[in-house]
Amino acid sequence: MIFYDCATAPSPRRARMFIAEKGLSVETREVSLAKGEQLSPEFLAIHPGATVPVLATESGLILSENIAIATYLEEMHPEPPLLGTTAEEKALIQMWNARIEHQLGLAIAEALRNGNPHMKGRALPGPDNFEQIPALAKRGLERATLFFDRLDAHLADRDYIAADGFSFADITGFVFVDFARVIKLRVDDTRPDLKRWYDRIAARPSASL
Ligand SMILES: N[C@@H](CCC(=O)N[C@@H](CS)C(=O)NCC(=O)O)C(=O)O
(Lines give C-alpha, C1' and ligand atoms only; values in the text may rest on other atoms or scores of the structure.)
Protein backbone atom coordinates (compact mmCIF):
# COMPACT_ATOMS: atom_id res chain seq x y z
CA MET A 1 0.00 0.00 0.00
CA ILE A 2 1.07 3.59 -0.55
CA PHE A 3 -0.38 6.45 1.46
CA TYR A 4 -0.27 9.92 -0.15
CA ASP A 5 -0.11 12.38 2.71
CA CYS A 6 0.48 16.09 3.36
CA ALA A 7 1.87 17.02 6.77
CA THR A 8 0.16 20.42 6.94
CA ALA A 9 -3.40 19.61 5.82
CA PRO A 10 -6.29 18.35 7.97
CA SER A 11 -7.84 15.73 5.66
CA PRO A 12 -4.72 13.58 5.32
CA ARG A 13 -4.13 13.98 9.05
CA ARG A 14 -7.40 12.12 9.66
CA ALA A 15 -6.19 9.16 7.59
CA ARG A 16 -2.76 9.34 9.26
CA MET A 17 -4.38 9.13 12.69
CA PHE A 18 -6.59 6.26 11.57
CA ILE A 19 -3.58 4.29 10.25
CA ALA A 20 -1.68 4.92 13.48
CA GLU A 21 -4.63 3.90 15.68
CA LYS A 22 -4.78 0.63 13.72
CA GLY A 23 -1.09 0.09 14.50
CA LEU A 24 -0.25 -0.13 10.78
CA SER A 25 2.87 1.07 9.11
CA VAL A 26 2.25 2.08 5.50
CA GLU A 27 4.71 3.40 2.92
CA THR A 28 4.03 7.13 2.75
CA ARG A 29 4.67 9.75 0.07
CA GLU A 30 4.44 13.43 0.93
CA VAL A 31 2.44 15.62 -1.48
CA SER A 32 3.20 19.26 -0.71
CA LEU A 33 0.03 21.32 -1.15
CA ALA A 34 2.09 24.46 -0.47
CA LYS A 35 4.12 23.69 -3.59
CA GLY A 36 1.02 22.72 -5.58
CA GLU A 37 2.20 19.12 -6.01
CA GLN A 38 -1.42 17.88 -5.98
CA LEU A 39 -1.76 19.55 -9.41
CA SER A 40 1.41 18.01 -10.87
CA PRO A 41 0.96 15.66 -13.85
CA GLU A 42 2.47 12.84 -11.75
CA PHE A 43 -0.12 13.15 -8.97
CA LEU A 44 -3.03 13.85 -11.35
CA ALA A 45 -2.18 10.58 -13.09
CA ILE A 46 -2.76 8.83 -9.76
CA HIS A 47 -5.78 10.86 -8.61
CA PRO A 48 -7.33 13.29 -11.13
CA GLY A 49 -9.43 14.73 -8.29
CA ALA A 50 -6.21 16.38 -7.00
CA THR A 51 -6.84 15.91 -3.28
CA VAL A 52 -5.12 14.16 -0.39
CA PRO A 53 -5.37 11.74 1.33
CA VAL A 54 -5.10 8.94 -1.20
CA LEU A 55 -4.50 5.29 -0.40
CA ALA A 56 -3.25 3.04 -3.21
CA THR A 57 -4.06 -0.51 -2.13
CA GLU A 58 -1.99 -3.59 -2.88
CA SER A 59 -4.59 -4.67 -5.45
CA GLY A 60 -4.12 -1.35 -7.27
CA LEU A 61 -7.28 0.39 -6.11
CA ILE A 62 -6.94 4.17 -5.71
CA LEU A 63 -8.98 5.39 -2.76
CA SER A 64 -9.50 9.08 -2.08
CA GLU A 65 -11.96 10.29 0.62
CA ASN A 66 -11.33 9.58 4.27
CA ILE A 67 -14.51 7.59 4.68
CA ALA A 68 -13.48 5.20 1.87
CA ILE A 69 -9.96 4.78 3.27
CA ALA A 70 -11.29 4.18 6.78
CA THR A 71 -13.89 1.67 5.57
CA TYR A 72 -11.28 -0.27 3.60
CA LEU A 73 -8.74 -0.36 6.43
CA GLU A 74 -11.37 -1.31 9.02
CA GLU A 75 -12.44 -4.24 6.86
CA MET A 76 -8.87 -5.39 6.24
CA HIS A 77 -7.69 -4.75 9.82
CA PRO A 78 -10.72 -4.98 12.13
CA GLU A 79 -8.81 -4.46 15.39
CA PRO A 80 -9.17 -2.15 17.15
CA PRO A 81 -12.60 -1.28 15.73
CA LEU A 82 -12.87 2.43 14.93
CA LEU A 83 -16.13 2.38 12.94
CA GLY A 84 -18.20 0.59 15.59
CA THR A 85 -19.26 -3.00 16.14
CA THR A 86 -23.02 -2.85 16.80
CA ALA A 87 -25.66 -1.43 14.45
CA GLU A 88 -26.21 1.49 16.84
CA GLU A 89 -22.52 2.30 17.17
CA LYS A 90 -21.88 2.10 13.44
CA ALA A 91 -24.82 4.40 12.69
CA LEU A 92 -23.91 6.96 15.36
CA ILE A 93 -20.26 7.09 14.28
CA GLN A 94 -21.30 7.73 10.65
CA MET A 95 -23.87 10.30 11.76
CA TRP A 96 -21.37 12.29 13.81
CA ASN A 97 -18.65 11.95 11.21
CA ALA A 98 -20.95 13.41 8.54
CA ARG A 99 -22.15 16.19 10.85
CA ILE A 100 -18.61 17.19 11.73
CA GLU A 101 -17.43 17.12 8.11
CA HIS A 102 -20.35 19.24 6.90
CA GLN A 103 -20.89 21.61 9.79
CA LEU A 104 -17.30 22.11 10.96
CA GLY A 105 -14.80 20.89 8.34
CA LEU A 106 -16.55 22.55 5.42
CA ALA A 107 -17.25 25.69 7.47
CA ILE A 108 -13.53 26.07 8.26
CA ALA A 109 -12.65 25.45 4.60
CA GLU A 110 -15.22 28.05 3.55
CA ALA A 111 -13.74 30.63 5.94
CA LEU A 112 -10.11 29.89 5.11
CA ARG A 113 -10.33 29.45 1.36
CA ASN A 114 -12.56 32.48 0.76
CA GLY A 115 -10.66 34.80 3.09
CA ASN A 116 -6.96 33.99 2.69
CA PRO A 117 -5.20 36.04 -0.02
CA HIS A 118 -2.88 33.08 -0.68
CA MET A 119 -5.91 31.06 -1.81
CA LYS A 120 -7.08 33.56 -4.40
CA GLY A 121 -8.47 31.58 -7.35
CA ARG A 122 -8.33 28.36 -5.25
CA ALA A 123 -11.55 28.73 -3.25
CA LEU A 124 -12.27 25.00 -3.60
CA PRO A 125 -9.90 22.03 -3.57
CA GLY A 126 -9.63 19.98 -6.74
CA PRO A 127 -8.41 20.46 -10.30
CA ASP A 128 -10.66 23.45 -11.13
CA ASN A 129 -10.02 27.05 -10.11
CA PHE A 130 -12.80 29.00 -8.39
CA GLU A 131 -12.73 32.64 -7.30
CA GLN A 132 -13.22 33.57 -3.66
CA ILE A 133 -16.59 34.77 -2.34
CA PRO A 134 -15.73 36.98 0.68
CA ALA A 135 -19.20 36.60 2.24
CA LEU A 136 -18.52 32.88 2.61
CA ALA A 137 -15.45 33.62 4.76
CA LYS A 138 -17.66 35.42 7.27
CA ARG A 139 -20.39 32.79 7.15
CA GLY A 140 -17.84 29.97 7.53
CA LEU A 141 -16.46 31.46 10.75
CA GLU A 142 -19.99 31.91 12.12
CA ARG A 143 -20.91 28.30 11.28
CA ALA A 144 -17.70 26.90 12.79
CA THR A 145 -18.21 28.93 15.98
CA LEU A 146 -21.79 27.66 16.32
CA PHE A 147 -20.59 24.10 15.86
CA PHE A 148 -17.95 24.53 18.59
CA ASP A 149 -20.84 25.48 20.91
CA ARG A 150 -22.90 22.46 19.81
CA LEU A 151 -20.03 20.06 20.32
CA ASP A 152 -19.31 21.55 23.76
CA ALA A 153 -22.95 20.95 24.75
CA HIS A 154 -22.92 17.43 23.27
CA LEU A 155 -19.80 16.50 25.24
CA ALA A 156 -21.18 17.72 28.59
CA ASP A 157 -22.00 14.21 29.75
CA ARG A 158 -19.81 12.03 27.58
CA ASP A 159 -16.12 11.20 27.09
CA TYR A 160 -16.21 10.48 23.34
CA ILE A 161 -18.28 11.92 20.50
CA ALA A 162 -20.25 8.98 19.16
CA ALA A 163 -19.60 5.80 21.14
CA ASP A 164 -18.53 4.69 24.64
CA GLY A 165 -14.93 4.56 23.42
CA PHE A 166 -12.67 6.30 20.90
CA SER A 167 -13.86 6.15 17.26
CA PHE A 168 -13.44 7.60 13.78
CA ALA A 169 -15.85 10.39 14.82
CA ASP A 170 -13.32 11.51 17.46
CA ILE A 171 -10.57 11.55 14.83
CA THR A 172 -12.66 13.73 12.51
CA GLY A 173 -13.73 15.98 15.38
CA PHE A 174 -10.26 16.35 16.84
CA VAL A 175 -8.56 17.13 13.53
CA PHE A 176 -11.10 19.79 12.53
CA VAL A 177 -11.39 21.34 16.01
CA ASP A 178 -7.59 21.62 16.04
CA PHE A 179 -7.44 22.99 12.48
CA ALA A 180 -9.95 25.74 13.37
CA ARG A 181 -6.93 27.66 14.72
CA VAL A 182 -6.31 28.77 11.08
CA ILE A 183 -9.48 30.87 11.31
CA LYS A 184 -8.54 31.99 14.85
CA LEU A 185 -11.05 29.73 16.58
CA ARG A 186 -9.44 27.91 19.51
CA VAL A 187 -10.47 25.50 22.24
CA ASP A 188 -10.24 27.19 25.64
CA ASP A 189 -11.91 27.32 29.05
CA THR A 190 -14.97 29.10 27.64
CA ARG A 191 -16.03 25.67 26.31
CA PRO A 192 -14.92 23.39 29.17
CA ASP A 193 -16.48 20.14 27.96
CA LEU A 194 -15.05 20.53 24.48
CA LYS A 195 -11.66 21.25 26.08
CA ARG A 196 -11.83 18.19 28.36
CA TRP A 197 -12.53 15.96 25.34
CA TYR A 198 -9.92 17.74 23.17
CA ASP A 199 -7.21 17.25 25.82
CA ARG A 200 -8.13 13.57 26.16
CA ILE A 201 -7.75 12.96 22.38
CA ALA A 202 -4.61 15.14 22.15
CA ALA A 203 -2.92 12.83 24.67
CA ARG A 204 -3.15 9.86 22.26
CA PRO A 205 0.13 9.13 20.43
CA SER A 206 -1.69 9.23 17.04
CA ALA A 207 -2.61 12.88 17.66
CA SER A 208 1.03 14.02 17.58
CA LEU A 209 1.80 12.55 14.16
N1 LIG B 1 -13.53 14.79 1.52
C2 LIG B 1 -12.12 14.61 1.29
C3 LIG B 1 -11.43 15.96 1.38
C4 LIG B 1 -10.05 15.95 0.75
C5 LIG B 1 -9.50 17.37 0.66
O6 LIG B 1 -10.23 18.34 0.38
N7 LIG B 1 -8.18 17.51 0.92
C8 LIG B 1 -7.55 18.80 0.83
C9 LIG B 1 -6.54 18.97 1.96
S10 LIG B 1 -7.34 19.14 3.52
C11 LIG B 1 -6.81 18.92 -0.49
O12 LIG B 1 -6.32 17.92 -1.00
N13 LIG B 1 -6.67 20.13 -1.04
C14 LIG B 1 -6.02 20.33 -2.27
C15 LIG B 1 -6.04 21.77 -2.69
O16 LIG B 1 -6.26 22.62 -1.84
O17 LIG B 1 -5.82 22.04 -3.86
C18 LIG B 1 -11.57 13.60 2.31
O19 LIG B 1 -12.17 13.42 3.36
O20 LIG B 1 -10.56 12.95 2.05
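Here the structure is shown first, and the text comes after it.
Described in the following lines is the structure provided in the data block. For clarity, every value in this text was computed on a predicted model and none was experimentally measured.

**Describing the packing of helix α5 (residues 134-154) against helix α7 (residues 192-202)**
Each packed pair of helices is defined by two parameters, the angle between the axes and the distance between the axes.
Okay, so step 1: In the contact formed by α5 and α7, the axes pass within 7 Å of each other and the chain directions differ by 80°. As the angle between them shows, α5 and α7 are arranged roughly perpendicular. Here α5 contributes Phe148, Leu151 and Asp152 to the contact with α7, which in turn contributes Pro192, Asp193 and Leu194.
Okay, so step 2: Considered class by class, the residues forming the contact of α5 with α7 number 4 nonpolar, no polar and 2 charged.

**Quick word on the pairing of strand β1 (residues 2-5)**
For a regular strand, the rule is simple: side chains alternate between the two faces of the sheet.
Okay, so step 1: Burial along β1 is two-sided: the residues Ile2 and Tyr4 and Phe3 and Asp5 are all buried.
Okay, so step 2: Note that β1 and strand β2 (residues 27-30) share 4 bridges and pair parallel. Directly across from Phe3, in β2, lies its bridge partner Thr28.
Okay, so step 3: The pairing of β1 with strand β3 (residues 54-56) spans 3 bridges and is antiparallel. For Tyr4, the partnering residue across the bridge sits in β3 and is Val54.

**Thoughts on the side chain of Asp170**
Okay, so step 1: By the secondary structure assignment, Asp170 is in helix α6 (residues 168-179).
Okay, so step 2: Of the side chains with opposite charge, Arg204 lies nearest to the buried Asp170, which makes no salt bridge, at 7.4 Å.
Okay, so step 3: Here Trp197 takes part through its side chain, which lies 2.9 Å from a polar atom of the side chain of Asp170.
Okay, so step 4: Residues within four places of Asp170 in sequence aside, it is in contact with Tyr160, Ile161, Gly165, Trp197 and Ile201.

**A look at the sheet that holds strand β4 (residues 62-64)**
Okay, so step 1: On the basis of which strands lie adjacent, the open sheet formed by 4 strands has the order β2-β1-β3-β4 and mixed pairing. A single partner strand is all that each edge strand has here, and the edge strands are β2 and β4. For this sheet, the mean angle separating the axes of adjacent strands, direction not counted, is 20°.
Okay, so step 2: Sheet contacts for helix α3 (residues 66-76): β3 and β4; angle to β4, the most-contacted strand, approximately 125°.

**Examining the environment of Arg158**
Okay, so step 1: Along the chain, Arg158 turns up in the loop between α5 and α6.
Okay, so step 2: Taking the C-alpha atoms as reference, Arg158 lies 8.6 Å from Trp197; in sequence the two are 39 residues apart.
Okay, so step 3: At 3.4 Å, the side chain of Arg158 and the backbone oxygen of Ile161 are in polar contact.

**With respect to unusual backbone geometry**
Okay, so step 1: Here the bond from Val52 into Pro53 is cis, since omega is 10°, no more than 30 degrees from zero.
Okay, so step 2: Along the polypeptide, Pro53 turns up in the loop between α2 (41-46) and β3.
Okay, so step 3: That bond from Glu79 to Pro80 is cis: its omega, -15°, falls within 30 degrees of zero.
Okay, so step 4: Relative to the assigned elements, Pro80 resides in the loop between α3 and α4 (87-115).
Okay, so step 5: Even without being glycine, Ala50 reaches a positive phi, approximately 60°.
Okay, so step 6: Assignment of secondary structure puts Ala50 in the loop between α2 and β3.

**Concerning α3**
Okay, so step 1: For α3, the set of buried residues is Asn66, Ile69, Ala70, Leu73 and Glu74. Looking down the long axis of α3, one finds its buried residues gathered within 125° of arc, a one-sided arrangement.
Okay, so step 2: In the core, the buried residues of α3 are packed alongside α1 (10-21), β3, β4 and α6.

The rules behind each value
Residues numbered from 1 in each chain as written. Predicted model: local features only at pLDDT ≥ 70, side-chain atom pairs only at ≥ 80, totals over all residues. Heavy atoms only, no water. Axes fitted to C-alpha atoms, helices over the stretch in contact; angles between N-to-C directions. Helix = DSSP H or I, 4+ residues; strand = E, 2+ residues; numbered from the N terminus. Parallel < 35°, antiparallel > 145°, perpendicular 65-115°, else oblique. Contact = heavy atoms within 4.5 Å. Nonpolar A, V, L, I, M, F, W, Y, C, P; charged D, E, K, R; others polar. Buried < 20%, exposed > 50% of the residue type's maximum accessible area, 1.4 Å probe, protein only. Pairing = 2+ DSSP bridges. Lys, Arg positive; Asp, Glu negative; His and termini not counted. Salt bridge = Lys/Arg side-chain N within 4 Å of Asp/Glu carboxyl O. Polar contact = N/O pair within 3.5 Å; in protein donor to acceptor, adjacent residues only side chain to side chain. Arc of directions from axis to C-beta.

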